[in-house]
Each structure stands twice: as structure tokens, then as C-alpha cells.
Amino acid sequence: MSDAALRTTPLTAAHRAMGARMAAFAGYDMPIQYEGVLAEHRWTREHAGLFDVSHMGQCKITGADAIAQFERFVPGDYQALKAGKQKYSLLLNDQGGIIDDLMAGKPDHDGLFVVVNAGNKDEDFAFWQAKLSGDAKLTVLDDRALVAIQGPEAAEVMVAHEPVLAEFGFMESARLMLFGVDAYVSRSGYTGEDGYEISIPAKDAERIWNTLLEDARVKPVGLGARDSLRLEAGLPLHGHDIDPSTSPVDGALTFALSKSRKDRADFAGADRVLRELADGPSRVRVGLIVKEGAPAREGAEIADADGTVIGRVTSGGPSPTLGKNIAMGYVPPAFAGLGTALRVIVRGKPAAAEVVPMPFVAQRYSRKPKA
């Protein structure tokens, strides 16, 4: 895609003014790095990284039938979700495959606020436009930007601007006035670190971006480090680690299946999902430490100890935090046990690998103690 054909975010000019290295991603002209992926990765793990994620899709689904209609296509229990909460879920096709993964919540009392992946958003919106019935209404929020601030100092930075944010726990959300604008804020993110995602009017995005960067604890971070951070956190990337052929079961995302919804079996693709839960899938997503040689990137073959190819890598690269090469990929369940010795084929050469738990690096979300 030519540069002229690429979409831009409300912050594209700000990225270019800061000297970001830009590249095409999901049809957008996006910052890949500023001072370097390694430096930005480490800064986020140690301080607070600021990400432009305005390419993501934002929408609301409203009306008396909104949640019942939404639940037809996701396996999460949103009827029981309390106001001020959000949860991760999966948009499923009739075969139980993952059209997209998403965040949906109730930041106010007006239906659901939903964030979907950039590369899938047009398809997702068209899907809902065609499938929602009753008085459920989809409103695409294409006049808003989305930024994420992530890292161990992110909360202190944000609380200085709005003290109520200190009271948020992981996956809590609200609609509130922030930086003088109408904002949707959730304590969540895609790095494994504590932090917030903040939806704001597009016209105010550059002012708010620059305001956050005035804090010495905050630096801008591009998509290069966003990818290495989410890989360390064991988080899948749609179109790579999960896709419409993947189910929640073989994708190792069964935590997104609410018990009440499994009992009712009233969501798209439930037959396949419940069958795989009962009988096991034909493959499963696992984490790997690559013990030697170069990193195993997407597409590298995975072999058993005898050299027979049994799967492939879907994401992989160096872990700056661990100082090791890590990867995610799919193998038959018989080879998915922790400690299983495998091989990855990198540049035609087999390298020793081992199945390990995910996340590779401990997630540090801010969870409230249970009452």
C-alpha cells in the first residue's frame, strides 16, 4: 500500500514531528519506534510508555436488546457484568472460529463500549450491522482517538491528573471528564503491565498526548515494542496467533468462556467449542523457550525430538526482559506438556526448544483484593 493510501490517526503529525520511524500497519501509517525497540520496551517495563492505538476500532452497542444481541456472537456473560467493568471476549463465527478478539464493557449505563482490532474493525462493524436485530444499535465512534499508558509508573502519572483513577482495579472502566474532555477510561492494556487505555475526542488528542509527555516518567513507544511486550505477556495477536480457524479452546483462551454461557450453549459456534472442551482440540497454543541459535519467527516449523514436523510458530522473537528467545505456536496436545523438548526449524537448521508456561514474564495488573 502506498503512503498516500494509508490511513492516519489524529496523532500521525505528532509522531512525525518527534522523528518516529513510521511504517504501514493494518492500513495505517503508524510509529514503529522512536529511539529504538529495546529502549522503549525497557522503559515501559520500568517507567511509563505512551502508545497511540487510535487505529483500533471503537464503537458502542446500545438499546434494550444490545447485550442479548451482542451475546449471540461472544461466549462471555455480559448480562451479569456490572456497570464500571469490562472484560475480554471473542467474536465467533458459526464454526466457533475467532473473527476477532475484543474488549467490551459498561463504562456508563448506555449499553456496551467495545474496542476491536484495527485490521478487523471494518469487518467487525459490517458483521454487527448485518447481524444485530431488535432495537440493538451499532454506533461507530470514528471521531475518537485512543491512547494507552502502560508501566509501573503509569498509575502515578494518571492519578496526578485525576485522583479517582487510583481507585480503579484491573478491568474497571468509567466515562468521566479527563483533561477537560469526555473520556472513556479503563485500567487495562496489552503489555502485561499496569496502566490505562483512554478514549478521547480526536480533536483533543494531540494536546492530551503532549500533556502526558511533559511528565519525565513518560516516553512515547511504538508498535515494535508493543509487539515484544505483548509477546512476553503471552497475549495473542489476531491474524497471527489466532484467526477465524482458531477456537477459544485450541487458542488457549478458555478463560473467556463464561460458565453460564457454556451451560446455555447459546452463542455462535458453541457446538465446536463444547466438543473441544469435552474431547480436546487437535492442536493447542503453547509457549516456547528457544534455547539456541536465532529467534524463531512466525512461520518457523516446530518439530518433535525425532525431527518430525508437528506444528508452526505464530509469534516469536527476543525477550528483552529474559535475555532469551521466546515464541508461541501450535502443537498437538500430546506435545503441549510443560517441559516437553521440541525443536524449531530456523533458517533450515533445527534448534532446541522447550514448552514453558505463559506468560513468559509475570503480568503486573493492579488487581483489587477479593472481599
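Since the model is a prediction, treat every value here as computed from it, not as a measurement.

What counts and how
- Residues numbered from 1 in each chain as written.
- Predicted model: local features only at pLDDT ≥ 70, side-chain atom pairs only at ≥ 80, totals over all residues.
- Heavy atoms only, no water.
- Phe/Tyr/Trp six-rings, centres within 6.5 Å; stacked < 30°, edge-to-face > 60°.
- Helix = DSSP H or I, 4+ residues; strand = E, 2+ residues; numbered from the N terminus.
- Buried < 20%, exposed > 50% of the residue type's maximum accessible area, 1.4 Å probe, protein only.
- 1 Å grid on protein atoms, 1.4 Å probe; cavity = no way out; pocket = protein on both sides within 12 Å on 5 of 7 lines; lining within 4 Å.
- Points joined across faces, edges and corners; volume = space filled by probe spheres on them.
- Nonpolar A, V, L, I, M, F, W, Y, C, P; charged D, E, K, R; others polar.

A.B. asks: I keep staring at the packing of aromatic side chains and nothing clicks. Help me out?
C.D. replies: Describing an aromatic ring pair means giving the distance of the ring centres and the angle of the ring planes. In this structure the tally under the stated criterion is six aromatic pairs. With a centroid separation of 5.5 Å and 25° between ring planes, the pair formed by Tyr88 and Phe255 is classed as stacked. One end of the pair, Tyr88, is in strand E5 (residues 86-92); the other, Phe255, is in the loop between helix H7 (223-232) and helix H8 (259-264), with 167 residues separating them in the sequence. What makes Tyr88 buried here is its relative accessible area of 16%. Classification of Phe255 as exposed rests on a relative accessible area of 59%. For the ring pair Phe113 and Tyr184, a centre distance of 4.4 Å and an interplane angle of 10° mean the geometry is stacked. In this pair, Phe113 is assigned in strand E7 (residues 112-116) and Tyr184 in strand E11 (residues 181-186), connecting sequence segments 71 residues apart. Under the relative-accessibility criterion, Tyr184 is labelled buried at 5%.

A.B. asks: Would you explain empty space enclosed by the protein in this entry?
C.D. replies: One simple way to see leftover space: roll a probe sized like a water molecule over the atoms. Taken as a whole and judged by the stated rule, the model has one cavity of 30 Å³ or more. Of the pockets and cavities examined, the largest cavity occupies roughly 30 Å³. Taken together, Met30, Pro31, Phe51, Asp52, Val53, Val221, Gly222, Leu223 and Arg226 make up the lining of the largest cavity. Mapped onto the lining of the largest cavity, the elements with two or more residues apiece are strand E2 (28-33), strand E3 (48-52) and H7. Of the residues assigned to the lining of the largest cavity, the class counts are six nonpolar, one polar and two charged.

Purely spatial values, then, with no claim about function.
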